[in-house]
Amino acid sequence: MIGWKQIPPGMVILEAGSALKIKTGSWRAAYKPRWIEENCIQCLLCWLYCPDNAVKVEDGKRQDFDYEYCKGCGLCALECPGKKGNKAIVMEEEVR
Amino acid sequence: MVTPLNLKELSKKELRFTAGHRLCAGCAAPTVVKMILLAACDYPVVVASSTGCLEVSSCISTYTAWKVPWIHSAFENAAATLSGVESMYKALKKQGKIDKEIKFIAICGDGGTYDIGLQSLSGAMERWHDMLYVCYNNEAYMNTGIQRSGATPTYADTTTCPAGSVIPGKPQPRKDLTKIMAAHGIPYVAQAAPSHWPDLMKKVRKALEIPGPKFMNIFTPCNRGWRTRTDDAILLSRLAVDTCFWPLYEVEKGVVRVTYKPKEKKPIEEFLKLQGRFRHLFEPGREQLISELQRMIDENWERLLKEEEIFASKEEEKEEVVK
Ligand SMILES: Cc1ncc(C[n+]2csc(CCOP(=O)(O)OP(=O)(O)O)c2C)c(N)n1
Ligand code: SF4
Ligand code: SF4
Ligand code: SF4
Ligand SMILES: [Mg+2]
């Protein structure tokens, strides 16, 4: 947090995307998603739908979750088509 | 080169709305913003938002989730603010001080669009500013505690039209803002929903290619205000479309086209029963309220199909004349 004297006039924020400093992963209360790679068909729907950009994708390929930001909403797990009816994302109890 | 609208290619693009925002877990607003900005990925954009959940939660103190130039305007005037910016851009372009092809997008809540911001929106459209105005429609004033708006559907429970023994939620019909915007005679107006993301992104792309004023109304589930689970934003969006509660269509140069017709129209109960804001409708003795809602939806859907039909037959007539 900076003091008001350091804030540019007009409350302009000069650093684009500075919200990344806020690690919203601490919001996860009860559940946490887990990726089951063998059931993943790489459709990337979880990447598109996640409201918190918490699904990492590199060079068009899904990677693991970004737990620094995942709020544990479960949307990705509900929408994941998985392979032959087996979900590639399951929600599990959060252990802190 | 135009980036194709497939997820593999889009995932290689920079996300211009970052994580770390403070919208509720499972809120559909950031997903809708992600889809808009991905569809616009080939352009530099300037965005304006009126006060509301998206604005408040994306720029707390010195932390912003935006990676594009973004302006917070007051609740009632995002369209006026953005039309000023667009005019300045045009002037600078004329003077040769800027040569980039920049797109201007307003992303505002339904309260800021249907109600308090309607006159500034109407003015900006009528003055023909080159901008796309998007309403992320969560059907109430969510940021201040779920008050009813012009977009709140009939019989929904909100804090200012509480369902009880006096009224069964909001007694009035919702305002059909998409039609009001089409009546401005602007070149492009559309309704979209995030569950049907290729349709949504195609509409954003199309809108950005058309010069002049454009308007899109995007269905945006809000689990906090609708009293639903945190994981079902996309499911509810799909049900809204499949029950014809939220038809997907566009009006291009006055021609109506329904962009998605459910193979089997689902009964409205399927959409209602998952949401706490409609829970009272399932109490015994209130069956006729659901039939009433069903009738309103059916009438609206039939009217829309008829409107589409009128234009389709006119197009055929034109073709015959050409032959
Ligand atoms: C002139 C004015 N009146 C009231 C408010 C308080 N206010 C801030 S956000 C908001 C509701 C916004 O509703 P909506 O545009 O639907 O966005 P949502 O929060 O639902 O996403 C209200 C009433 C304000 N900021 N300015
Ligand atoms: S939605 Fe499921 S199947 Fe698709 S990429 Fe994500 S984890 Fe894999
Ligand atoms: S649980 Fe929610 S926040 Fe976490 S990765 Fe899935 S969709 Fe994103
Ligand atoms: S109240 Fe609704 S719209 Fe606002 S952040 Fe929460 S889920 Fe999103
Ligand atoms: Mg709203």
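Look a little higher up for the structure.
About the criteria used
Residues numbered from 1 in each chain as written. Chains lettered and ligands numbered in written order. Predicted model: local features only at pLDDT ≥ 70, side-chain atom pairs only at ≥ 80, totals over all residues. Heavy atoms only, no water. Donors = N, O, S within 2.8 Å, 3.2 Å for Na, K, Ca; no water. Helix = DSSP H or I, 4+ residues; strand = E, 2+ residues; numbered from the N terminus. Buried < 20%, exposed > 50% of the residue type's maximum accessible area, 1.4 Å probe, protein only. Near = heavy atom within 4 Å. Nonpolar A, V, L, I, M, F, W, Y, C, P; charged D, E, K, R; others polar. Polar contact = N/O pair within 3.5 Å; in protein donor to acceptor, adjacent residues only side chain to side chain. Contact = heavy atoms within 4.5 Å. Salt bridge = Lys/Arg side-chain N within 4 Å of Asp/Glu carboxyl O. Buried area = accessible area lost by both parts, 1.4 Å probe. Pairing = 2+ DSSP bridges. 1 Å grid on protein atoms, 1.4 Å probe; cavity = no way out; pocket = protein on both sides within 12 Å on 5 of 7 lines; lining within 4 Å. Sits in = over half its atoms within 2 Å of the grid points. Points joined across faces, edges and corners; volume = space filled by probe spheres on them.

S.K.: I'm lost on the coordination of the magnesium ion (ligand 5) in this one. Help?
M.R.: Perfect tetrahedral coordination of a metal by four donors corresponds to 109.5 degrees between them, and perfect octahedral coordination by six donors corresponds to 90 or 180 degrees. Residue and element names in this part refer to chain B. Here the magnesium ion (ligand 5) is held by D110 (OD), N138 (OD1) and A140 (O), and the distances to it run 2.0 to 2.1 Å. In the primary sequence, the donor residues of the magnesium ion (ligand 5) line up as D-x27-N-x1-A. Taken as a pair, D110 in the loop between β3 (103–109) and α5 (111–115) and N138 in the loop between β4 (131–137) and α7 (177–182) lie far apart in primary sequence, 28 residues in all. Owing to a relative accessible area of 7%, N138 belongs among the buried residues under this scheme.

S.K.: What is the right way to look at the pairing of β4(B) in this model?
M.R.: One face of the sheet, then the other: side chains in a regular strand alternate in exactly this way. The element β4(B) is extensively covered by neighbouring structure, given that seven of its seven residues are classed as buried. Side-chain alternation along β4(B) places M131(B), Y133(B), C135(B) and N137(B) on one buried face and L132(B), V134(B) and Y136(B) on a second face that is also buried.

S.K.: Can you walk me through the site of ligand 4 in this structure?
M.R.: The full set of residues close to ligand 4 is L23(B), C24(B), C27(B), C53(B), N138(B), M142(B), C222(B), N223(B) and R224(B). The residue inventory of the shell around ligand 4, partitioned by class, reads six nonpolar, two polar and one charged.

S.K.: Could you clarify how one ought to interpret the side chain of D231(B) in this entry?
M.R.: Mapping D231(B) onto the fold places it in the loop between α9 (223–226) and α10 (233–242). A polar atom in the side chain of D231(B) sits 2.7 Å from the side chain of R229(B). The contacts of D231(B), once residues within four sequence positions are left out, are C73(A), G74(A), L75(A) and L78(A).

S.K.: Would you explain the pattern of salt bridges in this entry?
M.R.: Pairing is possible between side chains that carry opposite charge, provided their charged atoms lie close to one another. All names here are of chain B. Tallied over the entire structure, the rule returns 29 salt bridges over all chains. In this structure, the salt-bridge partner of R257 is E250, at a minimum N-O distance of 3.1 Å. According to the relative accessible area criterion, R257 is partly exposed, its value standing at 42%. With a relative accessible area of 3%, E250 lands in the buried category.

S.K.: Honestly, the interface of chain B and chain A in this entry has me stumped. Any pointers?
M.R.: Accessible area lost during the coming together of the parts is what is often quoted as the interface size. With 41 residues of chain B at the contact, the number on the chain A side is 35 residues. For the pair chain B and chain A, the summed buried area comes to about 3,200 Å², and 66% of that belongs to carbon and sulfur atoms. In this structure, R238(B) and E79(A) form a salt bridge, with 2.5 Å as the shortest nitrogen-oxygen distance. On the surface where chain B and chain A come into contact, there are 17 residue pairs in polar contact (both at pLDDT 80 or more). Those elements giving two or more residues to the side of chain B that touches chain A turn out to be α1 (7–10), α2 (29–39), α8 (197–209) and α10 of chain B. No other element matches α2(B), which puts five residues into the side of chain B that touches chain A.

S.K.: So what exactly am I meant to see when it comes to the pairing of strand β2 (residues 55–58) of chain A here?
M.R.: Residue and element names in this part refer to chain A. The two faces of β2 differ: V55 and V57 on one face are buried, but K56 and E58 on the other face are not. The sheet contact formed by β2 and strand β3 (residues 61–65) spans three bridges and is antiparallel. Residue pairing across strands places V57 opposite R62, the latter belonging to β3. What sits between β2 and β3 in their antiparallel hairpin is a turn of two residues, with D59 showing a positive phi close to 50°.

S.K.: I keep staring at the site of ligand 3 and nothing clicks. Help me out?
M.R.: Residue and element names in this part refer to chain A. Taken together, P33, C50, P51, A54, F65, C70, K71, G72, C73, G74 and C76 make up the full set of residues adjacent to ligand 3. Cavity membership is defined here by more than half of the atoms lying within 2 Å of grid points; on that basis ligand 3 lies in the largest cavity. Partitioned by chemical class, the residues of the shell around ligand 3 number eight nonpolar, two polar and one charged.

S.K.: How should the layout of surface pockets be read in this particular structure?
M.R.: Unoccupied space between atoms shows up once a probe the size of one water molecule is rolled over them. Residue and element names in this part refer to chain B. Approximately 440 Å³ is the volume attributed to the largest pocket. Lining the largest pocket are 25 residues, and of these R174, D176, F245, M296 and N300 sit closest to its centre. Those elements giving two or more residues to the lining of the largest pocket turn out to be α7 and α12 (287–322). Counting residues per element, the lining of the largest pocket draws most heavily on α12, at eight residues.

S.K.: So what exactly am I meant to see when it comes to the environment of K23(A) here?
M.R.: Residue and element names in this part refer to chain A. Along the chain, K23 falls in the segment before β1 (31–35). For K23, a relative accessible area of 39% translates into the label partly exposed. Those residues in contact with K23 that sit more than four places away from it in its chain are E68 and Y69.

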